[in-house]
Amino acid sequence: MLAIAMFVGFASDKARVEIISLLTIGAIALGLYFFPLAGTAPADGLRLAFGGFGHPALITICALMVLGRGLVVTGALDPAARALNLVWQFNSQLGLLVTLMIAALTSMIINDTPVLVLLLPILVQLARSGGMPASKTLIPVNSAILIGGMATTIGTSTNLLVVSIATDLGMEPIGVFYYTEIVLIAALIALPYIWLVMPRLLPDNSRAVAQEQRRYCSTLRLDEAGPALGMDHAQLAAMLPADVKIDTPVQGRMQIGARLNLSGTIDSLEAAARTLSATLAPQWLITRLGREAAQSSQDLAQIEMTVAPDSRLIGLTLQTAGLEGIAVLGVHQARGLVHDTRESSAEAPLREGDVLLVQSTVENAQDFARRDGLLILEGGREMPRSNKAVLAIAIMVGAIGLASSGLMPIAISALGGAVLMFVTGCVKFDRVGRALSAQVIVLVAASIALGKLVLVSGAAEWIGSLLASAMQSLPAAGVLAAIMLFVTVLTNFASNATAAAVGTPIAFSLASKLGLPAEPLVLAVLFGCNLCYATPIAYQTNMMIMSEGEYQFRDYIRTGVPLVAIMILTLSTLLVMRYNL
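**Student:** Which residues make up the overall build of the chain, and what values do they have?
**Tutor:** Across its full length, the chain holds 25 helices and 8 strands. Within the span of the chain, comprising 581 residues, buried residues form 51% of the whole. In the chain, the share of contacts with a sequence separation of at least 24, taken over all contacts with a separation of at least 6, comes to 78%. If you sum the accessible surface of the chain, you get close to 25300 Å²; carbon and sulfur atoms cover 63% of it.

**Student:** Describe unusual backbone geometry, naming the residues involved and giving the relevant values.
**Tutor:** Located in the positive-phi region is S277, a residue other than glycine, with phi close to 55°. Summarising the element assignment, S277 is placed in the loop between α13 (266–276) and α14 (283–295).

**Student:** Please set out the pairing of strand β6 (residues 355–361) residue by residue, giving values where relevant.
**Tutor:** Extensive coverage of β6 is indicated by the burial of 7 of its 7 residues. As defined by bridge partners, strand β4 (residues 300–307) adjoins β6 across 7 bridges and the pair is classed as antiparallel. Its bridge partner lying in β6, A301 is registered against S360.

**Student:** Account for the packing of helix α22 (residues 496–514) against helix α23 (residues 518–530), naming residues and giving values.
**Tutor:** Helix-helix packing is described using two parameters, namely the angle between the two axes and the distance between the axes. As a packed pair, α22 and α23 sit with axes 9 Å apart at the nearest point and diverge in direction by 160°. As summarised for this structure, α22 and α23 are arranged roughly antiparallel, according to the angle between their axes. Handedness of the α22/α23 crossing: right-handed. Of the residues in α23, those in contact with N496, A499, A500, G503, T504, A507, F508, L510 and A511 of α22 are A518, L521, V522, V525 and C529. Its residues assigned to classes, the contact of α22 with α23 comprises 11 nonpolar, 3 polar and no charged.

**Student:** Give a detailed account of helix α3 (residues 42–50), specifying residues and quantitative values.
**Tutor:** Burial in α3 covers these residues: G45, L48 and A49. Seen along its axis, α3 keeps its buried residues to an arc of 95°; they face one direction.

**Student:** Give a detailed account of the nonpolar core, specifying residues and quantitative values.
**Tutor:** Among the nonpolar cores identified, the biggest contains 130 residues, and M150, F527, Y533, M567 and L575 are the most heavily contacted of them. L575 has contacts with I182, L480, M484, P520, L523, A524 and F527, leaving out every residue within four places of it along the chain. In terms of nonpolar packing, the next biggest core, distinct from the first, is built from 30 residues, L236, A258, L269 and L329 among them.

**Student:** For empty space enclosed by the protein, give the residues involved together with the corresponding values.
**Tutor:** What the rule picks out here adds up to 4 cavities of 30 Å³ or more. The space that makes up the largest cavity amounts to roughly 90 Å³. Elements supplying a minimum of two residues to the lining of the largest cavity: α4 (56–73) and α9 (157–168). The element that contributes the greatest number of residues to the lining of the largest cavity is α4, accounting for 3 residues. Here the lining of the largest cavity is composed, by residue class, of 8 nonpolar, 3 polar and no charged.

**Student:** Tell me about the side chain of Q333, residues and numbers included.
**Tutor:** Among the secondary structure elements, Q333 is positioned in the loop between β5 (327–332) and β6. Among the polar contacts listed, one links the side chain of Q333 to the backbone oxygen of E343, at a separation of 3.1 Å. Among the polar contacts made by the side chain of Q333, one reaches the main-chain carbonyl oxygen of S345 at a distance of 3.0 Å. Beyond its immediate sequence surroundings of up to four residues, Q333 is in contact with C217, R342, E343, S344, S345, A348 and D354.

**Student:** Explain the side chain of R221 to me, using residue names and the numbers behind them.
**Tutor:** Positionally, R221 belongs in strand β1 (residues 216–221). When its relative accessible area of 14% is taken as the criterion, R221 is described as buried. Within polar-contact distance, the side chain of R221 engages the backbone oxygen of T219 at 2.7 Å. Engagement of the side chain of R221 in a polar contact is seen with the backbone oxygen of L280, the distance being 3.2 Å. Not counting residues within four places of it along the chain, the set of residues in contact with R221 comprises A258, R259, A278, T279, L280, A281 and P282.

**Student:** Account for the state of the cysteines, naming residues and giving values.
**Tutor:** Under the definition given, this model contains 0 disulfides. The thiol sulfur of C532 is not disulfide-bonded, and the nearest other cysteine sulfur, from C529, lies at 8.8 Å. Judged by relative accessible area, which is 2%, C532 ranks as buried.

**Student:** Give a description of the confidence of the model for the chain that names residues and reports values.
**Tutor:** When pLDDT drops low, the exact placement of atoms in the prediction is not to be read closely. Per-residue pLDDT for the chain averages 81, and the proportion of residues at 70 or more is 88%. Put simply, helix α11 (residues 206–209) is where the chain has its lowest mean pLDDT, 53, and helix α10 (residues 180–201) is where it has its highest, 94.

**Student:** Outline the pattern of salt bridges, supporting the account with residue identities and numerical values.
**Tutor:** If charged atoms from side chains of opposite charge come close, those side chains can pair. Under the criterion given, the structure shown has 8 salt bridges. Residue R288 pairs with E292 through a salt bridge whose shortest N-O separation is 3.6 Å. Of the two residues, R288 and E292 are both situated in helix α14; the distance of 4 residues between them amounts to about one turn of the helix. Owing to a relative accessible area of 29%, R288 belongs among the partly exposed residues under this scheme. A residue is classified by how much of its surface remains accessible, and E292, at 34% relative accessible area, is partly exposed. With a closest N to O distance of 2.7 Å, R312 and D372 form a salt bridge. Here R312, found in the loop between β4 and β5, pairs with D372, found in helix α15 (residues 362–372); they are 60 residues apart in sequence, far enough to count as distant. Its relative accessible area of 39% is what places R312 among the partly exposed residues.

The rules behind the values
Counting from 1, residues in each chain are numbered in the order their sequence is written. Local features in a predicted model are, by the rule used here, given only for residues with pLDDT of at least 70; side-chain atom pairs are given and counted only at 80 or more, and totals for whole chains, interfaces and linings are based on all residues. Each side-chain value is worked out from all heavy atoms of the structure, with water and hydrogens disregarded. By definition, any uninterrupted DSSP run of H or I lasting at least four residues is a helix, any uninterrupted run of E lasting at least two residues is a strand, and each is numbered from the N terminus. Residue burial is assigned from relative accessible area. The probe radius is 1.4 Å, only protein chains are included, and a residue is buried under 20% of its type maximum, exposed over 50%, and partly exposed in between. In this description, contact between two residues means that some pair of their heavy atoms is separated by no more than 4.5 Å. Methods summary: accessible areas were calculated by the Shrake-Rupley approach with a probe of 1.4 Å, and residue burial reflects only the protein chains presented. At least two DSSP bridges between two strands are needed for those strands to be called paired. Helix axes are fitted to C-alpha atoms over the stretch in contact, other axes to C-alpha atoms as well, and angles between N-to-C directions run from 0 to 180 degrees. Angular relationships are summarised with four words: roughly parallel below 35 degrees, roughly antiparallel beyond 145, roughly perpendicular across 65 to 115, and oblique for the angles in between. The handedness criterion is simple: a crossing whose near helix is rotated anticlockwise from the far helix by less than a right angle is left-handed, and one whose near helix is rotated clockwise is right-handed. Side-chain classes follow a simple rule in which Ala, Val, Leu, Ile, Met, Phe, Trp, Tyr, Cys and Pro form the nonpolar group, Asp, Glu, Lys and Arg form the charged group, and the remainder, Gly included, forms the polar group. To obtain the arc, one takes the directions from the helix axis to the C-beta atoms. We call a set of buried Ala, Val, Leu, Ile, Met, Phe, Trp, Tyr and Cys residues a nonpolar core when their side-chain atoms join them within 4.5 Å. Whether a set of points on the 1 Å grid over the protein atoms alone is a cavity depends on a 1.4 Å probe fitting there but being unable to get out, while an open set qualifies as a pocket with protein on both sides within 12 Å along at least five of seven lines; lining residues are those with an atom within 4 Å of a point. Grid points are joined across faces, edges and corners, and a volume is the space filled by probe spheres set on the points. Definition of a polar contact: a pair of N or O atoms within 3.5 Å, with one able to donate and the other able to accept a hydrogen when the atoms are protein atoms, and with sequence-neighbouring residues admitted only if both atoms are side-chain atoms. The disulfide definition used here is simple: a pair of cysteine sulfur atoms within 2.5 Å. Residue-level confidence of the predictor is what pLDDT reports, using numbers from 0 through 100. Note on definitions: salt bridges are taken to be side-chain nitrogens of Lys or Arg within 4 Å of carboxyl oxygens of Asp or Glu.

Written as structure tokens, this is what we have:
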């Protein structure tokens with residue numbers, strides 16, 4: 001009954017996941033304290049209820065969150081994202097295929113959510129610049145991420161939970177890539193559907209999500225030798241991104257020290273700066289701000305702020321304003337209604353309503369806003385600590401390599417990698433709250449407690465007997481498909497962590513009653529927990545893309561149910577072949 005109540009709570013969406021999880025833990029603790037199971041003491045119930053918080057599976061999950069955060073905040077994956085952007089500009093269908101492959105492969109070793117966080121702005125920006133509508137790409141890419149996360153024991157917290165519970169129940173520990181080939185074969189079979197069919201089943205909501213980005217005027221500085229040297233106006237225009245405009249015509253040919261007045265979105269301007277080996281602010285200033293931020297243990301950020309009516313900057317230019325502690329990367333000019341003759345340039349006098357994009361520490365930006373009469377807008381972004389990117393990749397590869405080779409348990413290698421992320425400064429101690437998800441932590445702890453309760457109370461034995469009597473006449477493939485479907489339904493309408501906690505003990509009981517090995521049934525549970533494509537409430541990444549794509553519930557059902565059917569049929573067949581059942 002407690003498991004059913006937890007399922008209903010998750011499906012109703014009337015309370016936060018962590019609240020339902022804490023209530024579940026509390027109900028288990030109080031219930032077993034006042035009404036202990038036969039042969040147990042009240043204190044045993046407390047240990048069962050709260051034991052999940054110290055379980056190796058939860059420690060591993062938290063460590064992997066820190067490792068994934070290290071890759072994000074250091075910008076270690078940014079070069080791959082920029083290369084992906086170029087592929088999309090060449091051909092959208094090829095771009096989608098490459099994106100699906102990158103999403104699946106990356107999510108094998110990095111938690112699903114950071115992978116989507118990396119790819120989501122790329123796909124949305126491409127849609128805004130005339131590419132394939134985001135509503136036709138986000139669900140396919142999310143599906144590829146979920147499939148990739150299923151391929152290794154560390155791909156998702158659910159995988160670790162299933163493997164950990166199964167190990168506690170007596171199954172031999174399995175390695176990181178133990179069953180990867182099964183999922184990869186299934187992914188290849190499902191790929192044509194995800195790549196070619198799924199986008200056709202989705203609506204074009206591009207008009208609904210269209211939102212014009214701010215265009216900034218910026219001055220690029222060619223302070224070092226680069227590809228732009230010696231070029232004229234036409235040659236430069238051909239090199240720049242399509243939505244970047246040269247505001248001031250280039251006279252003659254570019255030389256070291258030349259200034260180039262451009263306008264465009266910040267992403268396009270940064271791409272132009274990389275292409276021309278230029279900078280959006282004086283190099284000496286960027287270097288000094290970076291050094292001062294490092295000395296004060298702060299991060300640099302890009303922050304938007306608007307010029308208020310009483311700002312002292314009105315009528316001044318960036319060159320005459322005497323700005324301190326910040327670098328202005330661009331100016332979004334507020335245009336008058338009629339007869340606005342102000343030059344479109346970052347060097348033009350500032351007006352009320354102009355938006356400055358500045359790079360500095362948050363503290364310096366706040367001081368600048370108070371001192372000079374500006375209002376800080378929401379939506380600032382931290383600059384990646386790119387000098388730590390190679391180190392973060394090395395730490396992640398080392399942690400995964402040690403676990404996959406069998407030299408260390410994943411809990412130890414991941415925990416060691418997380419400690420190294422902190423010690424080396426890839427992830428800062430005061431930012432650990434951004435790396436760890438309280439929702440996931442409490443949910444996993446509650447799921448571990450519920451799974452143990454299902455086992456020790458005899459519920460798993462009872463449900464296993466019912467399922468065994470219903471499946472006695474089924475072949476092995478039918479049994480695997482049935483248990484996978486059972487767990488998939490729980491996953492899509494409740495929580496995959498809870499489905500894992502309930503399904504794994506049932507798989508063991510079912511295996512003993514049907515005379516089958518437990519391992520393929522446990523893998524069927526693991527796979528079923530990851531087939532969360534059919535509803536938006538099934539997984540957090542499903543919810544993340546819902547607003548960006550303007551999706552409705554039926555969009556998930558229309559595209560997800562066929563994919564679930566393909567995966568169940570393929571995976572159950574592959575399990576039968578793998579274990580000679």
